[in-house]
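# Tertiary structure, described
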Amino acid sequence: VSAAPAPGAAAAAPADDTARQVGTHSWTPYALLSPGLLYLAVFFIVPTVMLVKTSLSSGTAFTGDGTFTFSITDLQWSQYSDAFTKYVIETPIFQKSLLYALIATLLCLLISYPLAYTIAFKAGRWRNLLLVLVIAPFFTSFLLRTNAWGTILSDSSFVVSFMESTGMLTVLHAIQTPDSWPTWLQVLPDGLTGEERVLQTPLAVILGLAYNFLPFMTLPLFASLERIDVRLIEAATDLYSSAFTAFRKVTFPLSLPGVVAGTLLTFIPAAGDPVNAALLGATNDSLMGNAIDAQFKATGNYPLASALSVMLMVTIVLMVALYVRRAGTEELV
Amino acid sequence: MSTVTIDQRREEALAQLPPYREPGIATRTVRWLRSHLVQFFAAFALLFMFVPVFIVVLFSFNVPKGRFNYTWNEFSTIAWTNVWKDTQITDSLVLSIQIAVLSTLVATVLGTLIAFAIGRHRFRGRAGINLLIFMPMATPEVVMGSSLLTLFVAWQLEGSLGFFTITVAHIMFSISFVVVTVKARIAGLDPRLEQAAMDLYADEKTTFWKVTFPLVLPGIVAASMLAFSLSFDDFVITNFTSGQAVTFPMYVWGANTRGIPPEANVVGAIMFGLALIIVLVPEVSRRVVAARRRSVGASAAMAGATSN
């Protein structure tokens, strides 16, 4: 979870432009590629195939002989209908995970954009230092930092009493799904926060997610903002556009590749994260990450857990494909 | 008949204007805030990032009342002296460092080779390879962890989950980040430097080892630091592949239900301090050297000017 591309990593120019034939042998690139790609094939592609296979098998790890039966002629689709009934219809854990991740991603974008903008255009000689500061929190254990939010958002804390006295908590608590809605739409049954507390409410989880993935948003944003030719913005203001219009019509559209990369790198891990819900959320407020974790480790129902993983993965791939097509950026890495 | 000069007219016009007044403190504050709005929000973002780190460091000096280290009780450095006596913490730290060093070495080598292939060669199947490298970064960790666990179970390795399986997993998710970081460095190289070396009769091998590689090296170092921190801090994938082995994040996770002791915060604080030193010292020394060079240059210029 705790990772960010190094400063400027996303700034990589399309490799084809700079690729030149340096090695004399045509097999050189394949010799360079093969060890790493072989590794990824064995430990990324094969496991993913195994996961799909397990999701179509029957059996659990802790009962019977502890093996799973898989047969290509008798695919067990029941895991998927089970998963759908349990985690979409009866309890909207699936939808909730996507919703929390979406809000956290938007929050991340709102918080990161001014920071990335300042580092790219206003920092001057402080630029490198600020970039270091963006990654620095990473080096304190991510579980400890997430846990520190428990202190910041605890009931007696300054932040929470401020939010309570200004009436913010009343407003946030009022944001909830009405009781009359069917169970599969009950994504916020008890409000975004409690009437008097923030810890162990959805807001705490969302804040934790936004916090943990902030550098994933800031660094790609910075990389694309840094590449903007400042003269384009100057041209806009010379042509009597206000600072805001110049931003809306020039700066922001030019930074879109960074926005797309940043939102993907934030949304995807956030949608599957089990840690924030476990450390900051209410005990009954588990997300997809927790559900998968529990089915694997506590129940031993590997087929069901695999089906959940595949569901999450497929949904994310579809959303990413749609989003990338709409945003019109192909170069992601 | 008196002629009115342009100056006189200007003065008359100016006299009719209301006298100029300095804008009040309120106006100036509003103006300053408006022009620094972005920086203000950026400072807020930095605050948002650093308050939890500050809390982690602060609570390493706390003596918790009861089991949970959530509320401030009393200042003490006792956790800092006790941390080395807690074998649970030191054992988990040693394991985490061993795994991180090994996985960083392997991932850096494999990832750097891929980055050179992509950045320096033409070959078929580039799009597919780019996708294969992007996918591990775009897959939720729970999915990667669970799929690796199903693989290890299928290979009947369930009984021997531990150091080896954790390291295998960490290498896997680190490779992509190494590739992206090193590739960016290679793409940013000035090709004329290599051409110059070739023009000066260096052969390909000499050019690579004397020009290309030293120029890419900072990218490789940055990538290995990234890989180290990814491995050292990973919890989710480790949780699936660790079996009975306890890395430092696994220790923190386990301690969470019974209360994380301030000694764990000490480790977090030390890691943060070390990282800051490692990244800030080169930056600061670069600045000091640059400043000294400037002042030497200035005094030399002064000396030159006076001797003339």
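Residues numbered from 1 in each chain as written. Chains lettered and ligands numbered in written order. Predicted model: local features only at pLDDT ≥ 70, side-chain atom pairs only at ≥ 80, totals over all residues. Heavy atoms only, no water.

## Here's the deal with the overall build of chain A
Which entries qualify depends on this criterion: Runs of H or I in DSSP of at least four residues are treated as helices and runs of E of at least two as strands, each being numbered from the N terminus. Each residue gets one of three labels from its accessible area relative to the maximum for its type: buried under 20%, exposed over 50%, partly exposed in between, using a 1.4 Å probe on protein chains only. Contacts are assigned to residue pairs with any non-hydrogen atoms lying within 4.5 Å of each other. Each accessible area is a Shrake-Rupley result for a 1.4 Å probe, and residues are judged covered by the shown protein chains and nothing else.
Tallying secondary structure elements over chain A gives 16 helices and 0 strands in all. Going through the 333 residues of chain A one by one, you find that 56% of them count as buried. Contacts in chain A between residues far apart in sequence, at least 24 positions, make up 70% of those at least 6 positions apart. In the structure as shown, chain A presents an accessible area of about 14,700 Å², 66% of it carried by carbon and sulfur atoms.

## Let's talk about the overall build of chain B
Going by this rule: Taken over C-alpha atoms, the radius of gyration is set against a globule rule of 2.2 Å times the number of residues to the power 0.38.
Summing up its helical and strand segments, chain B has 13 helices and 0 strands in all. Along the chain direction, N to C, the helices and strands of chain B fall in the order α-α-α-α-α-α-α-α-α-α-α-α-α. Computed over C-alpha atoms, the radius of gyration of chain B comes to 30 Å, more than 25% over the 19 Å expected from 2.2 N^0.38 for 308 residues, which places it beyond the range of a compact globule. Structurally, chain B occupies a C-alpha span of about 115 × 70 × 50 Å along its principal axes. Within chain B, residue pairs in contact and separated by at least 24 positions form 72% of the contacts whose partners lie at least 6 positions apart.

## Things to note about the interface of chain B and chain A
Filter applied, for reference: When two parts are brought into contact, each loses some accessible area as probed by a 1.4 Å sphere; the total of that loss over both is the buried area. Any carboxyl oxygen of Asp or Glu within 4 Å of a side-chain nitrogen of Lys or Arg constitutes a salt bridge here. Pairs of N or O atoms are called polar contacts if they sit within 3.5 Å, as long as, within protein, a hydrogen donor faces a hydrogen acceptor (for residues adjacent in sequence, only side-chain-to-side-chain pairs).
Taken together, the 97 residues of chain B in the interface contact 95 residues of chain A. Taken over both partners, the interface formed by chain B and chain A buries close to 8,900 Å², and the fraction arising from carbon and sulfur atoms is 75%. Remark: the boundary between chain B and chain A carries 0 salt bridges. One can count 8 residue pairs in polar contact (both at pLDDT 80 or more) joining chain B with chain A.

## Observations concerning the packing of aromatic side chains
By convention here, two paired aromatic rings are described through the distance between centres and the angle between planes. Definition in use: Two rings from Phe, Tyr or Trp (for Trp, the six-membered ring) form a pair when their centres are within 6.5 Å of each other. A pair whose planes differ by under 30 degrees is stacked, one over 60 is edge-to-face, and the rest are tilted.
Evaluation of the coordinates by the stated rule reveals 29 aromatic pairs over all chains. An angle of 45° between the planes, with centres 4.8 Å apart, marks the rings of A:Tyr39 and A:Phe43 as tilted. Taken together, the residues span about one helical turn, with A:Tyr39 and A:Phe43 both in helix H2 (residues 28-55) at a distance of 4 residues. Look at A:Phe43 and you get buried, because its relative accessible area is 13%. Judged by centre distance (6.3 Å) and plane angle (25°), the rings of B:Phe248 and B:Tyr251 are stacked.

## So, the confidence of the model for chain A
This is how it is decided: For every residue, the predictor reports its confidence as pLDDT, a number between 0 and 100.
A residue-level look at chain A finds 86% of positions with pLDDT of 70 or above and a mean pLDDT of 84. Scored below 50 in pLDDT, residues 1-23 of chain A makes 68 contacts in the model with residues more than four places away or belonging to other chains.

## A word on the layout of surface pockets
Filter applied, for reference: A cavity here means a set of 1 Å grid points, computed over protein atoms only, where a 1.4 Å probe fits but cannot escape. A pocket is an open set with protein on both sides within 12 Å along at least 5 of 7 lines, and lining residues have an atom within 4 Å of a point. Grid points are joined across faces, edges and corners, and a volume is the space filled by probe spheres set on the points. When residues are grouped by polarity, Ala, Val, Leu, Ile, Met, Phe, Trp, Tyr, Cys and Pro land in nonpolar, Asp, Glu, Lys and Arg in charged, and all others, Gly among them, in polar.
Each pocket or cavity is described by its volume, and for the second largest pocket that value is around 760 Å³. The wall of the second largest pocket is formed by 24 residues, among which A:Tyr117, A:Ala243, A:Phe244, A:Phe247 and B:Val38 lie closest to the centre. Going through the elements one at a time, helix H4 (93-122), helix H11 (230-238) and helix H12 (243-254) of chain A together with helix H2 (25-35) and helix H3 (37-58) of chain B are the ones with two or more residues in the lining of the second largest pocket. Class assignment of the residues belonging to the lining of the second largest pocket gives a composition of 17 nonpolar, 4 polar and 3 charged.

## Observations regarding a nonpolar patch on the surface
Applicable threshold: Here, patches come from residues exposed beyond 30% relative accessible area and free of salt bridges, joined within 9 Å for like charges and within 5 Å for nonpolar side chains (Val, Leu, Ile, Met, Phe, Trp, Tyr).
A grouping of A:Phe84, A:Ile89, A:Trp181, A:Trp184 and A:Leu185 is seen on the molecular surface, where their side chains present a nonpolar patch of about 480 Å² in accessible area. The class of A:Phe84 is partly exposed, set by a relative accessible area of 43%.

## Observations concerning the pattern of salt bridges
Residues and elements named next belong to chain B. What the rule picks out here adds up to 6 salt bridges over all chains. Note that Arg 120 and Glu 194 form a salt bridge whose closest N and O atoms lie 3.0 Å from each other. On the criterion of sequence distance, the pair formed by Arg 120 in helix H5 (residues 87-120) and Glu 194 in helix H9 (residues 191-199) is long-range, its members being 74 residues apart. This pair shows no difference in class: Arg 120 is buried, exactly as Glu 194 is.

## Things to note about empty space enclosed by the protein
Picture a little ball the size of a water molecule; that probe, rolled over the atoms, points out where space is still empty. Inspection of every chain in the model, using the stated rule, returns 7 cavities of 30 Å³ or more. Looking at the second largest cavity, its volume works out to about 140 Å³. Listed by contribution, the elements that provide at least two residues to the lining of the second largest cavity are helix H6 (142-152) of chain A together with H3 of chain B. In the lining of the second largest cavity, the residues fall into 8 nonpolar, 6 polar and no charged.

## Let's talk about the confidence of the model for chain B
Should the pLDDT be low somewhere, the predicted coordinates at that spot are not to be read in detail. Residue and element names in this part refer to chain B. Of the residues in chain B, 97% have a pLDDT of 70 or more, and the chain-wide mean is 87. Confidence, expressed as mean pLDDT per element, reaches its minimum in chain B at helix H13 (residues 262-307) with 80 and its maximum at H5 with 94. Across the whole predicted complex the pTM is 0.84, and at the interface the ipTM reaches 0.82.

## Overview of unusual backbone geometry
Backbone geometry places A:Gln200, a non-glycine residue, at a positive phi of 65°. Relative to the helices and strands, A:Gln200 is located in the loop between helix H8 (168-174) and helix H9 (202-212). Of note in this structure, B:Tyr201 is not a glycine but carries a positive phi near 65°. Note that B:Tyr201 resides in the loop between H9 and helix H10 (204-233).

## Description of the side chain of B:Thr167
Considering the arrangement of structural elements, one finds B:Thr167 in helix H8 (residues 163-187). Within the local environment of B:Thr167, its side chain forms a polar contact with the backbone oxygen of B:Phe163, the two atoms lying 2.6 Å apart. Contacts of B:Thr167, omitting those with residues within four sequence positions, involve A:Tyr39, B:Ile99, B:Leu102 and B:Ser103.

## Remarks on the side chain of A:Asn290
Residue and element names in this part refer to chain A. Here Asn 290 lies in helix H15 (residues 288-299). Residue classification places Asn 290 among the buried positions, given a relative accessible area of 15%. Within the local environment of Asn 290, its side chain forms a polar contact with the backbone oxygen of Pro 274, the two atoms lying 2.9 Å apart. The contact partners of Asn 290, leaving out residues within four places of it in the chain, are Asp 273, Pro 274, Ala 277 and Ala 278.

## A word on the environment of A:Ala210
Residues and elements named next belong to chain A. Among the secondary structure elements, Ala 210 is positioned in helix H9. Since its relative accessible area comes to 0%, Ala 210 is described here as buried. Sequence separation between Ala 210 and Leu 115 is 95 residues; the distance between their C-alpha atoms is 14 Å. Residue contacts for Ala 210: discarding those within four places in its chain leaves Ala 104, Leu 107 and Cys 108.

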